[in-house]
Amino acid sequence: MKRAGLVLAGAALLSGCAATRHAGGGDYIVRDHVGDGVFTSGIEGPATGPDGALYVVNFAREGTIGRVTEAGKAELFVALPAGSIGNGIRFAADGRMLIADYKGHRILAADRMGRLSTYAELPGAHQPNDIAIAPDGTLYASDPDWKNGSGRIWRIGRDGQAQILEDGMGTTNGIEVSPDGRSLYVGESVQRRIWVYDLDAQGGISGKRIFATFAHHGLDGMRCDRDGNLYVTRHGGGTVAILDPDGTVTREVRLKGRLPSNIAFGGRDGRTAYVTVQDRGAIETFRSARPGREYRGTLHRRTAR
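Residues numbered from 1 in each chain as written. Predicted model: local features only at pLDDT ≥ 70, side-chain atom pairs only at ≥ 80, totals over all residues. Heavy atoms only, no water.

- Looking at an unreviewed UniProt entry, one finds the chain named Gluconolactonase and attributed to Sphingomonas koreensis.

Written out as structure tokens, the structure is:
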């Protein structure tokens, strides 16, 4: 998430449910995967690729994408075109990396060799931010206007054609699709609320309703696990909130950093959560009880240690 002078801070909600920091094993125990300053303060967009590696934007400098092995070794994967800076990343079924280019107002695609192309143009976009890919390959993008506290949602079909699904929202940021592809979750950071929509067979939205609201701290990137629980990064609160499919917070995982920007699942069983943390330029990790919804089992090859 990129902000125009927005700072959110305060005590964490439900801190009594937060995980203890510890270097050992066990679920919800936080440790470092990549240490301080390896990525810039614009660290964002974590996503696990078909090779099992984690891909994250802004490695060492803005406008890059880094590749991180299972052992936590980070290296440059690709530099984006001049003037482009990535935000959210997701992987299509054919293995291509899809990247929200918030400066270029488009979605980029990168093949496994790092060759770049334009997947979709988003004319008139404010700042393509987080993206989510549905089981049928439809892509959804949040598009916040931080200056005016507003935002919109885009739908990008498998043909690369883009359309605005809804305008005049709050500061749209984190976005995710449920495991069954029937629900779309959209977070509004400044307004501290998450909406849920029904998705139809054509990728359209209806039935908009409040899924959850928070009294303090912003909302950033989010992911679902295979059971439909929603993991939400609390920017300024230093936690990952875990909500069940009814919108109830069941746990908050306390992080080391205060400004988590996004989360992704990976690892050999899909149960390793990776959290990008802006105030550290680092990646923290913990084990979840359930794999992420996009985990494809043996289709994700193990990375070398």
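1. So, the UniProt feature "binding site: substrate" (unreviewed entry) in the chain
Line of reasoning, step 1. When the UniProt feature table is mapped to this numbering, "binding site: substrate" (unreviewed entry) covers Asn129 and Asp143.
Line of reasoning, step 2. Among the secondary structure elements, Asn129 is positioned in the loop between β9 (116-121) and β10 (131-133).
Line of reasoning, step 3. You can call Asn129 buried: its relative accessible area is 0%.
Line of reasoning, step 4. Relative to the assigned elements, Asp143 resides in strand β11 (residues 139-145).
Line of reasoning, step 5. Residue Asp143 is classed as buried on the basis of its relative accessible area of 0%.
Line of reasoning, step 6. Excluding anything up to four places from it in sequence, Asp143 contacts Ala125, His126, Gln127, Pro128, Gly151, Arg152, Trp154 and Thr172.
Line of reasoning, step 7. A distance of 2.5 Å separates the side chain of Asp143 from the backbone nitrogen of Gln127, its partner in a polar contact. (UniProt positions renumbered as here; feature names shortened; annotations may be inferred. Helix = DSSP H or I, 4+ residues; strand = E, 2+ residues; numbered from the N terminus. Buried < 20%, exposed > 50% of the residue type's maximum accessible area, 1.4 Å probe, protein only. Contact = heavy atoms within 4.5 Å. Polar contact = N/O pair within 3.5 Å; in protein donor to acceptor, adjacent residues only side chain to side chain.)

2. Section: the sheet that holds strand β4 (residues 64-68)
Line of reasoning, step 1. Pairing is antiparallel in the open sheet, where 4 strands are placed in the order β2-β3-β4-β5. Two strands bound the open sheet, and with one partner strand each, they are β2 (39-48) and β5 (74-79). Strand-to-strand twist across the sheet, computed as the mean angle between neighbouring axes with direction ignored, equals 30°. (Pairing = 2+ DSSP bridges. Axes fitted to C-alpha atoms, helices over the stretch in contact; angles between N-to-C directions.)

3. Focus: the pairing of strand β15 (residues 183-188)
Line of reasoning, step 1. Of all 6 residues in β15, 6 are buried; the element is thus mostly enclosed.
Line of reasoning, step 2. The alternating pattern of β15 places Ser183, Tyr185 and Gly187 and Leu184, Val186 and Glu188 on opposite faces, both of which are buried.
Line of reasoning, step 3. Pairing between strand β14 (residues 172-177) and β15: 4 bridges, direction antiparallel. Looking at β15, one finds that Glu176 is bridged to Tyr185.
Line of reasoning, step 4. A loop of 5 residues connects β14 with β15, the two strands running antiparallel in sequence, and Gly181 in this loop sits at a positive phi of about 75°.
Line of reasoning, step 5. Bridge count between β15 and strand β16 (residues 193-199): 6 bridges; the pairing is antiparallel. Counted as the bridge partner of Gly187 is Ile194 from β16.

4. As for the pairing of strand β19 (residues 230-234)
Line of reasoning, step 1. For β19, the tally of buried residues reaches 5 of 5 residues, placing the bulk of the element in the interior.
Line of reasoning, step 2. Across the two faces of β19 the burial is the same, with Leu230, Val232 and Arg234 and Tyr231 and Thr233 all buried.
Line of reasoning, step 3. Taken together, the 3 bridges between strand β18 (residues 222-224) and β19 define a ladder with antiparallel strand orientation. Across the sheet, the residue bridging to Cys224 is Leu230, located in β19.
Line of reasoning, step 4. Turn length for the β18-β19 hairpin, with the two strands adjacent in sequence and antiparallel, is 5 residues, and the turn residue Gly228 shows positive phi of about 90°.
Line of reasoning, step 5. Linking β19 back to strand β20 (residues 239-243) in an antiparallel pair, the connection comprises 4 residues, with Gly236 at a positive phi of about 100°.

5. Description of the sheet that holds β14
Line of reasoning, step 1. Taken in spatial order, the 4 strands line up as β14-β15-β16-β17 in an open sheet, and their pairing is antiparallel. Where the open sheet ends on each side, the last strands, each with one partner, are β14 and β17 (205-213). The sheet shows a mean angle of 25° between the axes of neighbouring strands, direction not considered.
Line of reasoning, step 2. Of the strand pairs in this sheet, β16 and β17 are connected by 6 bridges, and their pairing is antiparallel. Bridging from a neighbouring strand, Arg193 pairs with Thr213 of β17.

6. Focus: the environment of Ala82
Line of reasoning, step 1. As for its placement among the helices and strands, Ala82 is situated in the loop between β5 and β6 (86-91).
Line of reasoning, step 2. With 19 residues separating them along the chain, Ala82 and Gly63 place their C-alpha atoms 7.7 Å apart.

7. Quick notes on the nonpolar core
Line of reasoning, step 1. Core analysis: the biggest nonpolar cluster contains 15 residues, and Leu98, Ile107, Tyr119, Ile131, Leu139 and Ile156 have the highest contact counts within it.
Line of reasoning, step 2. At the level of elements, β7 (97-101), β8 (106-110), β9, β10, β11 and β12 (150-156) are the ones that each hand at least two residues to this core.
Line of reasoning, step 3. With near-sequence residues (within four places) excluded, Ile131 lies in contact with Gly88, Ile89, Arg90, Leu98, Ile99, Ala100, Ile107, Leu139, Tyr140, Ala141 and Ile175. (Core = buried A, V, L, I, M, F, W, Y, C linked by side-chain atoms within 4.5 Å.)

8. Let's talk about the packing of aromatic side chains
Line of reasoning, step 1. Scanning the model with the defined rule gives 6 aromatic pairs in all.
Line of reasoning, step 2. Aromatic pair Tyr28 and Phe286: ring centres 6.1 Å apart, planes at 35°, arrangement tilted. With Tyr28 in the segment before β1 (31-34) and Phe286 in strand β24 (residues 282-287), this residue pair connects regions lying 258 residues apart in the sequence. Here Tyr28 matches Phe286 in class, with each residue buried.
Line of reasoning, step 3. Ring centres 5.5 Å apart and planes at 70° place the aromatic pair Phe39 and Phe59 in the edge-to-face group. Taken as a pair, Phe39 in strand β2 and Phe59 in strand β3 (residues 54-59) lie far apart in primary sequence, 20 residues in all. Phe59 matches Phe39 in its accessibility class, with the two residues each being buried.
Line of reasoning, step 4. Three or more aromatic residues joined by ring pairs make a cluster, and in this case those are Tyr55, Phe77 and Phe91.
Line of reasoning, step 5. The side chain of Lys208 reaches across the aromatic face of Trp195, ending 4.3 Å from its centre.
Line of reasoning, step 6. If you follow Arg251 out to its NZ or CZ, it ends over the ring of Tyr28, 4.0 Å from the centre. (Phe/Tyr/Trp six-rings, centres within 6.5 Å; stacked < 30°, edge-to-face > 60°. Lys NZ or Arg CZ within 6 Å of the ring centre and 35° of its normal.)

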